[in-house]
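Single-letter residue listing:
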Amino acid sequence: MGKRVTSSSSPCLLFLFFFFSLVLLGCPSLGHPNYKDALAKSILFFQGQRSGRLPTGQQITWRSNSGLSDGSLAHVDLTGGYYDAGDNVKFNFPMAYTTTMLSWGTLEYGKRMGPEIQNARAAIRWATDYFIKCATATPNTLYVGVGDPTTDHKCWERPEDMDTARTVYSVSASKPGSDVAGETAAALAAASMVFRKVDPKYSRLLLATAKKVMQFAMQYRGAYSDSLGSAVCPFYCSYSGYKDELLWGAAWLWRATNDASYLNFLQTLGANDATDIFSWDNKLAGARVLLARRSLVDNDKRFESFKQQAEDFMCRIIPNSPSSSTSYTQGGLMFKLAESNLQYVTSRTFLLSTYAKYMTTSKYTFNCGNVRVSSSTLRNLAKQQVDYILGENPLKMSYMVGFGANFPKRIHHRGSSIPSKASHPQAFGCDNGFQSFFYTSNPNPNTLTGAIVGGPNQNDGFPDDRTDYSHSEPATYINAAIVGPLAYLAGSYSS
């Protein structure tokens, strides 16, 4: 069993040396990270990823306008949206997942966000405004990305200086993409619920667009990576296929509309594979938790099978469960894959927190073998993962940039690592950034506040090396999944 570093030797806190005990006993720690600050910064991060013409209220001021001609090669306007990570490409597949998760977090935890709910809505709308363009610019076509990833990745330049090809990619009836279309529909449907009361007209537009995109996904079956090849692979291939996105999209349309046709459709999919992962690629676990809500909260027996599948997922990640397939570092962090591991930590943490919320409404518990699981079991594990990310780990390193005293200074991010236009108005060419800004050991000149990086290795080590993208690169989908859990914790604990 692994050890957690702690600054106290009280009898209760000694259990923290064994992270399983934290899950089982819910042993409290002395003090907590400032969750409200972390929540604000986790949302602020998205401003640093914006593409397009920036608004007057832009708070990350070292960023400037970029990608203002996006879509012009296809004679459409595809400005806006987000760069996915440390590069200057707009990949709609992970961007749509990011938007769905931001929306889901806002729907579940908006009442705990306080003033940050306005910023969360703005972050969602920056993406959905773009998705509406992608879905409506050309009949029977869904635009799914802007920027040639191969040429972009050969350059180290600010998004404001981009001189690489802004190639436009799309799916259609003859080049299907049920995965990216299903995820885009999910994002639009979830967002429509976020705006239902505060902007009804916009909400109706989002939902109408979601229905059209979902119909496209269902009617023209196929994986977008088969249609687009090297434009999306190996970057964001649909490794899990497209059934999970059809399930996910239909689940969100069902929740947004209560239209039984979506329920009938998703019940015929046969997307029953067991899983211990939830990510921009594999949506099965997320869809099951979302659908299980109807069983737990509304006692609707039609969703019993999804509840059972959601619990199978939980049993695969709880460390002391007989069916656990999840590794943990000695410091107590879930460890799935070496590349950008924190994306799997934040996404699982979201599902833990949210399933616990649903369980609480009916005081429900379940068993993993002979281990009884309560809502507290799941919440304690979720809190442990969040606390690790925010600095309660062997290195005392916060993996959120700008949070705490010790955080990554050399993140793999073009805009953050190169002087801003305000300080250096002259453009840096494609190759000019490598020697001076990529390979240097100097800290990044611009702080990408709130960015959560790929995270430590399996030994809880972190080199803070810009060239090590697997550990030092932030991504929108890492942040999007932690916003909800942070809002829950911010509303539950005083700093």
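Whatever comes next refers back to the structure up there.
The paragraphs below set out a description of the structure included in this document. (Residues numbered from 1 in each chain as written. Predicted model: local features only at pLDDT ≥ 70, side-chain atom pairs only at ≥ 80, totals over all residues. Heavy atoms only, no water.)

## Comments concerning helix α3 (residues 92-109)
Rules: Note on conventions: DSSP H or I runs of at least 4 residues are helices, E runs of at least 2 residues are strands, and numbering of each starts at the N terminus. A helix's residues, less one, multiplied by 1.5 Å, set its expected span. The buried label goes to any residue with under 20% of its type's maximum accessible area, the exposed label to any with over 50%, and the partly exposed label to all in between, with areas taken from a 1.4 Å probe on protein chains only.
Over its 18 residues, α3 extends 25 Å from the first C-alpha to the last, a length consistent with the 26 Å expected when each residue adds 1.5 Å. Of all the 18 residues making up α3, 17 are buried; the element is thus mostly covered by neighbouring parts of the structure.

## Looking at the packing of α3 against helix α4 (residues 116-136)
Put simply, the rule reads: Angles shown run from 0 to 180 degrees and are taken between the N-to-C directions of axes, each axis being a line fitted to C-alpha atoms and, for helices, limited to the stretch in contact. By convention, the crossing between two helices is left-handed when the near helix turns anticlockwise from the far helix through less than a right angle, and right-handed when the turn is clockwise. Contact criterion: two residues are considered in contact whenever any of their non-hydrogen atoms come within 4.5 Å of each other. Each residue gets one of three labels, nonpolar for Ala, Val, Leu, Ile, Met, Phe, Trp, Tyr, Cys and Pro, charged for Asp, Glu, Lys and Arg, and polar for the others, Gly among them.
Between α3 and α4, the least distance of the axes is 10 Å, while the angle of their chain directions is 145°. Seen from above, α3 lies across α4 with left-handed handedness. Counted together, N92, M95, A96, T99, L102, S103 and T106 of α3 and I117, A120, A123, I124, A127, T128, Y130, F131 and C134 of α4 form the full contact between these two elements. Partitioned by chemical class, the residues of the contact of α3 with α4 number 11 nonpolar, five polar and no charged.

## Concerning helix α10 (residues 260-267)
Our working rule: Directions drawn from the helix axis to the C-beta atoms are what define this arc.
All of the buried residues along α10 are Y262, L263, F265 and L266. All buried residues of α10 fall inside an arc of 160° around its axis, so they share one side. Check the buried side of α10 and you find it contacts α7 (200-219), α9 (243-257), α11 (284-296) and α12 (304-317).

## Things to note about the state of the cysteines
By definition, a disulfide links the sulfur atoms of two cysteines through a covalent bond. Rules: Disulfides are defined in this document as cysteine sulfur pairs within 2.5 Å.
In this structure the tally under the stated criterion is three disulfides. Put simply, C233 and C237 are joined by a disulfide, and their sulfur atoms are 1.9 Å apart. Owing to a relative accessible area of 10%, C237 belongs among the buried residues under this scheme. Through a disulfide, C315 is tied to C368; the S-S separation comes to 2.0 Å.

Treat this as a map of the structure, not an account of what it does.
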